[in-house]
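# What the coordinates show
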Amino acid sequence: MSDAISAIRPLPRPGILDIDPYVPGKSGAAGLNRVFKLSSNETPLGPSPRAVEAYAAAAAKLASYPEGTSRALRQAIGAAEGLDPERIVCGAGSDEILNLLAHAYVGEGDEGVFTEHGFLVYKIAIMGRGGVPVVVPETGFTTDVDAILANVDERTRIVFIANPNNPTGTYIPREEVRRLHAGLPPHVLLVLDGAYAEYVGRDDYNDGRDLVDEAENVVVTHTFSKVFGLANLRLGWMYGPASIVDVLNRIRGPFNVSGAAVAAGVEAISDRAFLDEAVAFNTHWRGWLESRISELGLHVTPSVANFVLIHFPAERGQTAADADAFLTARGLILRRLENYGLPNALRLSIGSEEANRAVVEALTEFLASANG
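Note that this is a predicted model, so its numbers are computed, not measured.

Attention now goes to the sheet that holds strand 12 (residues 335-336). The strand order across the open sheet formed by four strands is 9-10-13-12, and the pairing between neighbours is antiparallel. Of all strands in the sheet, those with a lone pairing partner are strand 9 (299-301) and strand 12, marking the two edges. Pairing geometry for strand 9 and strand 10 (residues 307-311), over three bridges, is antiparallel. Bridge pairing links His299 to His311 in strand 10.

For the rest of this paragraph, the subject is the side chain of Asn306. Turning to its location among the elements, Asn306 is positioned in the loop between strand 9 and strand 10. Overall, the relative accessible area of 2% leaves Asn306 in the buried class. Of note is the side chain of Asn306, whose polar atom sits 3.0 Å from the backbone oxygen of Asn41.

Judged by nonpolar contacts, the single largest core of 51 residues is most densely connected at Val159 and Phe224. In terms of residues, this core owes the most to one element, helix 10 (residues 259-270), which gives six residues. Of all hydrophobic cores here, the second largest spans 29 residues; its members include Ile244, Leu248, Leu309 and Tyr340.

With that settled, consider helix 11 (residues 272-295). Here helix 11 is 24 residues long and its end C-alpha atoms lie 35 Å apart, about the 34 Å a rise of 1.5 Å per residue gives. Here helix 11 has its buried residues at Phe274, Leu275, Ala278, Val279, Asn282, Trp285, Arg286, Trp288, Leu289, Glu290 and Ile293. Gly297 sits one or two residues past helix 11 and shows a positive phi near 95 degrees.

Rules and cut-offs
Residues numbered from 1 in each chain as written. Predicted model: local features only at pLDDT ≥ 70, side-chain atom pairs only at ≥ 80, totals over all residues. Heavy atoms only, no water. Pairing = 2+ DSSP bridges. Helix = DSSP H or I, 4+ residues; strand = E, 2+ residues; numbered from the N terminus. Buried < 20%, exposed > 50% of the residue type's maximum accessible area, 1.4 Å probe, protein only. Polar contact = N/O pair within 3.5 Å; in protein donor to acceptor, adjacent residues only side chain to side chain. Core = buried A, V, L, I, M, F, W, Y, C linked by side-chain atoms within 4.5 Å. Expected span 1.5 Å × (residues − 1).

Printed below as a string of structure tokens:
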């Protein structure tokens, strides 16, 4: 009798139990009435009031299925971004789309490539389809195009790049993205994850949509969870070639985005004034935090996203774990990064003015106590 038949419970496919589950950043601290959650890259400004109003109005239709293709949202995205709505797929967060892409294009034993400090969902998506994750080194906490190309071979089926990258906050310019694409064989799908693209204010950057218009093996993904403040609704989208859009529409759930999420998303993507305000707020406080924390003697990786990566040199005897405990006790919740291969760093989401100032004050106190 085979092991599968003699098992006392259903067994998952081989490899599933080798996947480390995604662990989000902590959201609270025991015994404290007030905390600043700065661990999940959520916007301190919340969503557009127009999105909140649209979401509330959708309560009158809770008994009805939503329109099955997110047509209204795809049209709103197309109008706001200058894209063809027919080449957009919406999902329950961009996480769903990343998993759908792996589901469609990665098979048993196929390889998927991502960088050493890349988003943890890439590995989960690849292994969840029976694929083999190939992790390539970064240079200066930044995607290294040459390292990626050196690890692409006939078994490679997909390459995931977060640009900007989470949790490092770094990016590669459009010409480097083009160089990466030019070095990939046509059968390899390049996924450009632009979850933080709206925050980037650099002239040499774009999210890669120009490549999507030129090639058959590139897609760009975006989320409403960050700058648009709709993380609780789980809403994301992809822009891709018609052939890949067709594939994803064949395998996604028939009603994978709720009507309430669509309604809120339409207003969020259309309220450009609110978007501009959120980006300006983030740019100001990101620069302020980088400057003030650097002045304390800690290294901060330059970021173009809505968070900063703070390094605690081990030789100073001031570990990230100690800093995290010190900050948590004061109601300041940052992100530990051991599972990202960064045990001596913390990721700080840009928060409200009060939260940002409180973090700098607490870090000042922590460093003074450690040196005392």
